[in-house]
Amino acid sequence: MWRFCNTVNNFRMDKKCTQLWQRLSAALRPQISTDSFKRWFSTVELVEAKEKSLTLTVPNNIYQLWIESNYMPALQNAIIATLGSPRSVKFCSPSAARAQTFAEDSASVTEPLPSPQVDARPGATVPGLNPRNTFESFVVGPNNEIAHAASLAVAQAPARTYNPLFIYGGVGLGKTHLMQAIGQFVWAKKKNMKVIYVSSELFINEFIDAIQHSNLVKFRKRYRQADLLLIDDIQFLGGKERSQEEFFHTFNTLFDGHKQIVLSSDRPASEIANLEHRLVSRFEWGLTAELQPPDIETRLAILRKKANTMQIKLHEDVFQFLASRIRTNVRRLEGALMRVASFASLSGRELTKETVEHLLKDILQEEGRQSITIEQIQRRVAEHFDVRLADMTSKRRPASIAFPRQVAMYLARELTKASLNEIGDAFGGRDHGTVLHACKLVKKRMSEQDNIRQTISYIDSSLQR
Amino acid sequence: MKFSVTKEKLLEALQQVQNVVSTRTTLPILSNVLLQANETELYLTTTDLDVGVRGTCEAHVDKAGATTLPARRVFNIIRELPSSEIQIDVDGKNAASIRSGQSFFKILGLPEDEFPPLPKFEGAKVVTMRQKDLRDGLRKTSYAISTDETRYVLNGVLFSFKDNKLTLVATDGRRLAMAEIELEFPRSHESDLIVPTKAVTELQRLLIDDGDVKVSMSNGQIAFDLNKTLLVSKLIEGNYPNYRQVIPGEAKERVKLEREMFLNSLRRVSLLASDKSHSVKLNFSKNNLDITANTPEVGEAKESLAVPYKGREFSIAFNPEFLMAPLRALAEDEVFLDLIDEMSPGVLKIQTPFLYVLMPMRISS
């Protein structure tokens, strides 16, 4: 390429060439960056301008190489803009070893590039997030007010207010819903935020996988570059020491980088077995929000909202029944609603209390077992009427003790599935007739006296909470 | 000449040398392999007059001597032999009898003295380095060698011995790869040499993880002595372009990238970079890198990477092949991409002395 040329010795820079080069430079400059222009063209001189060709002197061969390879289209553009037609460009070295070569007439290197891209993933979402779990679909009640408010605050200003946010509560109370709502809220607002939502089990599995294939760096990058890290069911980290350590460092990196961390667990951090203290203390660092089982009003609201979104119509009594009988778990509540609704639409029959009860007998049984026991009733009633718990089972029967005992029997009959005999046994080995009598009596007095009805419904609702 | 040898060892030695043999050659002797047997060893030599390789193979030699045999044919025969034990007996007319188990072959060769001797390196400047260092250095640079035969000085890797450093450089005018190896050698050994592509390719095949390589430099020739194997090559004459001129000034933005992730994303996105507009666009915004490609009437691709980026938002387009080549060659987990603006070259760096300058493609919006 560096052919010697003997004809260039007598090159003189004449005025015409200098002026032409200035005009070419002016046309060239806007096409390439300032740095590149200074680097490659500031020392270049135009020494010969002919009809069809221009000769440039360059300090050495790298200039020719780089200009030919990279700036030829720009240079040709400048030549066309200045002279009106293309010229071939020759290069010469000013030193003894003068080189000259012809540049092929610029096979254009540049091609039109993609026009501005539209977001190619309109329906996309963060992996693992259920699009239905948003703040809008979350029913707020006194049981979850704080958790909801904290989550919303975190979603609106990640890493500003509560970091980390630790949400805990029993199964089916909306931990996952709240976390996913945060994730979606943040992601919807700023699409380039890196949101990672994983269960701690997935975290552990990925960690093990990373150790196995020794690409820990990749694993670390994935988590430590997150802007928002949501880890569900963190309690499963308990007892996994290396995962805890890895998570500890991830946590610190994110925390120090002012990235939001949200964790959920089924119990308070301090009660997670085999969790290192430094992690416990870090979990309790930010805000800890508890989710409690919803009260009956909230349960009703949840049912109505759910029925609304599923577009099913049920009688108000059914809602009442479901809300009152399924107390502990929103997921189960929704499942029951679904079952009732699908039965109604499939059979087309009017729903009675009996059919609903039959439909949901397994769920109700489970609920009954889980929730209210005769002992709880006894305790609650004794507390309310200010009698000793022992009086519930004792043989004494002054009115001040007998009536509360009867109320307790009535409630046990209403709220548990226990038979009359079982209830009698639980009340100090009383006859089933005694229990039946107590129930009848209480019902009668409730219908006669407002204050008694109020008292009993108060105890009833406090038990059902 | 008469010797016996195991199939595995002979095959290994032949594999080392046979790549140099050119299939189309004006000189028939160049398609032959030179076999020389002394007391305990068999030397195998091939050359195309530019590059020559000599391998060694343990053998039980009954009668010392030398001959040349057609390399490709011998290799194919040895590969197919049924038994591990091979006996080769060459008569005075260079006819070789190959015996192994039940097989027998007779191959006609050419006399040894027709074979061009490998150049001697007496009084040459010698520098010793670790094989691994050289192999890594070549791997990091050789992909950028120009294939444009009109620019013959670029058809090889520059070996620049200077300031107790060996700098390896390869460029094709649009990109430039450079790697450095720390070395100790006397001032008098400082020089710039251009080792041709073929020698570089062969060298990369021969270099291993352990051991040293002795590099001997003399007028227009270079030899790499890898203990049991020797590679000799002519150098490319001429002045290598002053590559330092290409390295841009201080970067405005530095982006740390996860090499493998970046490479995988590029590979996917480049599926939609057509041959014609062969470019992918990197769009930087805060903590995010969007890689996009678009071919009119075909479609488009986009992939987002979370990257620690704090600078201004801007876009730069590169040839995806040129951007992926160093990413493939490197082994590091992290790479740094230094950028100035959309029209200035990007520089890819790692923690060790290496850099890769890549010219952007113009974004005509």
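Along every chain, residues carry numbers that run from 1 in the direction the sequence is written. Each chain gets a letter, beginning with A, and each ligand a number, beginning with 1, in the order they are written. Local features in this predicted model are restricted to residues whose pLDDT is 70 or higher, and side-chain atom pairs enter the listing and the counts only when it is 80 or higher, whereas totals over whole chains, interfaces and linings include all residues.

S.K.: Looking at this structure, I do not really get the overall build of chain A. What am I missing?
M.R.: The helix and strand inventory of chain A stands at 19 helices and 10 strands. A burial count over chain A gives 37% of its 465 residues as buried. A fraction of 72% describes how many contacts in chain A between residues 6 or more apart in sequence connect residues 24 or more apart. A run of DSSP states H or I qualifies as a helix once it reaches four residues; a run of E qualifies as a strand once it reaches two. Both are numbered from the N-terminal end. A residue is called partly exposed when the number of other C-beta atoms within 10 Å of its own lies between 12 and 20, exposed at 12 or fewer, and buried at 20 or more, with C-beta atoms placed from the backbone. Contact criterion: two residues are in contact if their C-beta atoms, reconstructed from the backbone, are within 7 Å.

S.K.: What's the story with the overall build of chain B in this structure? I'm lost.
M.R.: What chain B contains, in helices and strands, is 6 helices and 25 strands. Counting only residues that meet the buried cut, chain B has 41% of its 365 residues in that class. A separation of at least 24 residues holds for 66% of the contacts in chain B among residues at least 6 apart in sequence.

S.K.: Quick question: what am I supposed to make of the sheet that holds strand β2 (residues 45-49) of chain A here?
M.R.: Working definition: the strands of a sheet are paired by backbone hydrogen bonds and lie parallel or antiparallel to each other. Residue and element names in this part refer to chain A. Taken in spatial order, the 3 strands line up as β2-β3-β4 in an open sheet, and their pairing is mixed. Each edge of the sheet is formed by a strand with only one pairing partner; in this case those strands are β2 and β4 (88-92). On average, each strand axis in the sheet is tilted by 30° relative to the strand beside it, whichever way the strands run. Whether two strands pair comes down to DSSP finding at least two bridges between them. Note on definitions: angles span 0 to 180 degrees between N-to-C directions of axes, and those axes are lines fitted to C-alpha atoms, for helices only across the stretch in contact.

S.K.: Got a minute to help me understand the sheet that holds strand β21 (residues 299-306) of chain B in this structure?
M.R.: Residue and element names in this part refer to chain B. With antiparallel pairing, 4 strands are arranged side by side in an open sheet as β21-β20-β19-β22. Looking at the sheet topology across the chains shown, the edges are occupied by β21 and β22 (314-318). Going across the sheet, the axis of each strand differs from the next one's by a mean of 20°, ignoring polarity. Pairing between strand β19 (residues 280-285) and β22: 5 bridges, direction antiparallel. Residue pairing across strands places Asn 283 opposite Ser 315, the latter belonging to β22.

S.K.: Mind showing me how you'd approach the environment of Asn 38 of chain B here?
M.R.: All names here are of chain B. With respect to the secondary-structure elements, Asn 38 resides in the loop between β2 (32-37) and β3 (41-47). Separated by 27 residues in sequence, Asn 38 and Gly 65 place their C-alpha atoms 6.9 Å apart. Non-local contacts of Asn 38, meaning those with residues more than four positions away in its chain, are made with Val 61 and Ala 64.

S.K.: Whenever I open this one, helix α1 (residues 15-28) of chain A confuses me. Can you help?
M.R.: Think of an α-helix as turning once every 3.6 residues; residues three or four places apart then point the same way. Residues and elements named next belong to chain A. Along its 14 residues, α1 runs 20 Å from first to last C-alpha, staying within 8% of the 20 Å computed at 1.5 Å per residue. Restricting attention to buried positions, one finds in α1 the residues Trp 21, Leu 24 and Leu 28. Seen along its axis, α1 keeps its buried residues to an arc of 65°; they face one direction. When the buried face of α1 is taken as reference, the exposed residues oriented beyond 90 degrees from it are Lys 15, Lys 16, Thr 18, Gln 19, Gln 22 and Ala 26. As for α1, its buried residues are in contact with α2 (34-41), β2 and α3 (61-83). Expected helix span is computed as 1.5 Å times (number of residues minus one). This arc describes the spread of directions from the helix axis toward the C-beta atoms.

S.K.: Teacher, can you tell me more about unusual backbone geometry here?
M.R.: Phi is mostly negative for residues that are not glycine, and the peptide bonds are mostly trans. Each neighbour pair has its own omega, and for Asn 163 of chain A with Pro 164 of chain A the value is -5°, a cis peptide bond. Summarising the element assignment, Pro 164 of chain A is placed in the loop between α4 (145-156) and β6 (165-169). Notably, Leu 49 of chain B is not glycine yet its phi reads approximately 80°, a positive angle. Inspection of the secondary structure assignment puts Leu 49 of chain B in the loop between β3 and β4 (51-58). The exposed category is assigned to Leu 49 of chain B, around which 11 C-beta atoms lie within 10 Å. A positive phi angle, close to 55°, is found at Asn 287 of chain B, a residue other than glycine.

S.K.: What's the story with the confidence of the model for chain A in this structure? I'm lost.
M.R.: A low pLDDT score tells you not to read the predicted coordinates there in detail. Residue and element names in this part refer to chain A. A residue-level look at chain A finds 88% of positions with pLDDT of 70 or above and a mean pLDDT of 80. A score between 0 and 100, pLDDT records how confident the predictor is in each residue. With pLDDT under 50 throughout, residues 1-11 is counted as low confidence; its partners more than four residues away or in other chains account for 20 contacts. Every residue in residues 96-124 scores below 50 in pLDDT, and together they form 64 contacts with partners more than four places removed in sequence or on other chains.

S.K.: Mind showing me how you'd approach the environment of Leu 134 of chain B here?
M.R.: Among the structural elements, Leu 134 of chain B can be located in helix α3 (residues 131-141). Apart from the residues lying within four places of it in its own chain, the contact partners of Leu 134 of chain B are Met 129, Ile 181, Leu 207 and Val 213 of chain B.

S.K.: Explain the nonpolar core to me, please; I cannot follow it from the model alone.
M.R.: Burial of nonpolar side chains together is a common tendency in soluble globular proteins. As used here, a nonpolar core is made of buried Ala, Val, Leu, Ile, Met, Phe, Trp, Tyr and Cys residues. They are joined through C-beta atoms within 7 Å. Within the largest apolar cluster, 123 residues are counted, with the highest numbers of intra-cluster contacts made by Val 157, Leu 168 and Leu 231 of chain B. Counting residues per element, this core draws most heavily on α3 of chain A, which supplies 10 residues. Apart from the residues lying within four places of it in its own chain, the contact partners of Leu 231 of chain B are Val 53, Ala 199, Glu 202, Leu 203, Leu 206, Ala 223 and Phe 224 of chain B. Listed in part, the 64 residues of the second largest apolar core include Leu 129, Phe 166, Trp 187 and Phe 207 of chain A.

S.K.: Can you help me understand α4 of chain A in this one?
M.R.: Residue and element names in this part refer to chain A. Here α4 contains 12 residues, and its C-alpha end-to-end distance of 16 Å stays within 8% of the 16 Å for a straight helix at 1.5 Å per residue. Among all positions of α4, only Ala 147, His 148, Ala 150, Ser 151, Val 154 and Ala 155 are buried. Seen along its axis, α4 keeps its buried residues to an arc of 165°; they face one direction. Lining the buried residues of α4 we find β6, α5 (175-189), β9 (260-265) and β10 (287-291).

S.K.: Looking at this structure, I do not really get the pairing of strand β17 (residues 229-234) of chain B. What am I missing?
M.R.: On a regular strand, one side chain projects to one face of the sheet and the next to the other, so that they alternate. Residue and element names in this part refer to chain B. With 5 of 6 residues buried, β17 is to be regarded as a mostly interior element. Inspection of the sheet shows β4 paired to β17 by 4 bridges, in the antiparallel sense. For Val 53, the partnering residue across the bridge sits in β17 and is Leu 231. Of the strand pairs in this sheet, strand β16 (residues 221-226) and β17 are connected by 6 bridges, and their pairing is antiparallel. Of the residues in β17, the one forming a bridge with Leu 226 is Thr 229.

S.K.: Explanation requested: the packing of helix α6 (residues 200-212) of chain A against helix α7 (residues 216-224) of chain A in the structure shown.
M.R.: Two measures define how a pair of helices packs: the angle their axes make with one another and the distance between the axes. Residues and elements named next belong to chain A. The geometry of α6 relative to α7 is characterised by a closest axis approach of 8 Å and an angle of 150° between their N-to-C directions. On the basis of their axis angle, the class for α6 and α7 is roughly antiparallel. In this structure, α6 contributes Glu 206, Phe 207, Ala 210 and Ile 211 to the contact, and α7 contributes Leu 216, Lys 218 and Phe 219. Every angle not falling under 35 degrees, over 145, or within 65 to 115 is termed oblique; those three ranges are roughly parallel, roughly antiparallel and roughly perpendicular.

S.K.: Would you take a moment to explain the environment of Thr 176 of chain A for this structure?
M.R.: Mapped onto the fold, Thr 176 of chain A is located in helix α5. The spatial distance from the C-alpha of Thr 176 of chain A to the C-alpha of Asp 232 of chain A is 6.7 Å, given a sequence separation of 56 residues.

S.K.: Help me understand the packing of helix α5 (residues 259-269) of chain B against helix α6 (residues 320-329) of chain B, please; the structure alone is not making it clear to me.
M.R.: Residue and element names in this part refer to chain B. α6 packs onto α5 with a crossing angle of 150° between their chain directions and a minimal axis gap of 10 Å. Taken together, the axis directions place α5 and α6 in an arrangement best described as roughly antiparallel. Handedness of the crossing formed by α5 with α6: left-handed. On the side of α5, the interface is formed by Arg 259, Phe 262, Leu 263, Leu 266 and Arg 267, while α6 contributes Pro 320, Leu 323, Met 324, Leu 327 and Arg 328. Two helices cross in a left-handed way if the nearer one is turned anticlockwise from the farther one by less than a right angle. They cross in a right-handed way if the turn is clockwise.

S.K.: Could you clarify how one ought to interpret the confidence of the model for chain B in this entry?
M.R.: Overall, the prediction assigns chain B a mean pLDDT of 90, with 98% of residues at 70 or greater. We note a pTM of 0.54 for the whole complex and an ipTM of 0.79 for its interfaces.

S.K.: In this structure, what is going on with the pairing of strand β25 (residues 354-358) of chain B? I would like to understand it.
M.R.: All names here are of chain B. The buried fraction of β25 amounts to 5 of the 5 residues, a majority that puts the element mostly inside the structure. Neither face of β25 is exposed, since Phe 354, Tyr 356 and Leu 358 on one face and Leu 355 and Val 357 on the opposite face are all buried. As judged from the 5 bridges shared by strand β13 (residues 175-182) and β25, these two strands associate in the antiparallel manner. When the sheet's bridge partners are listed, Ala 179 is paired in β25 with Phe 354.

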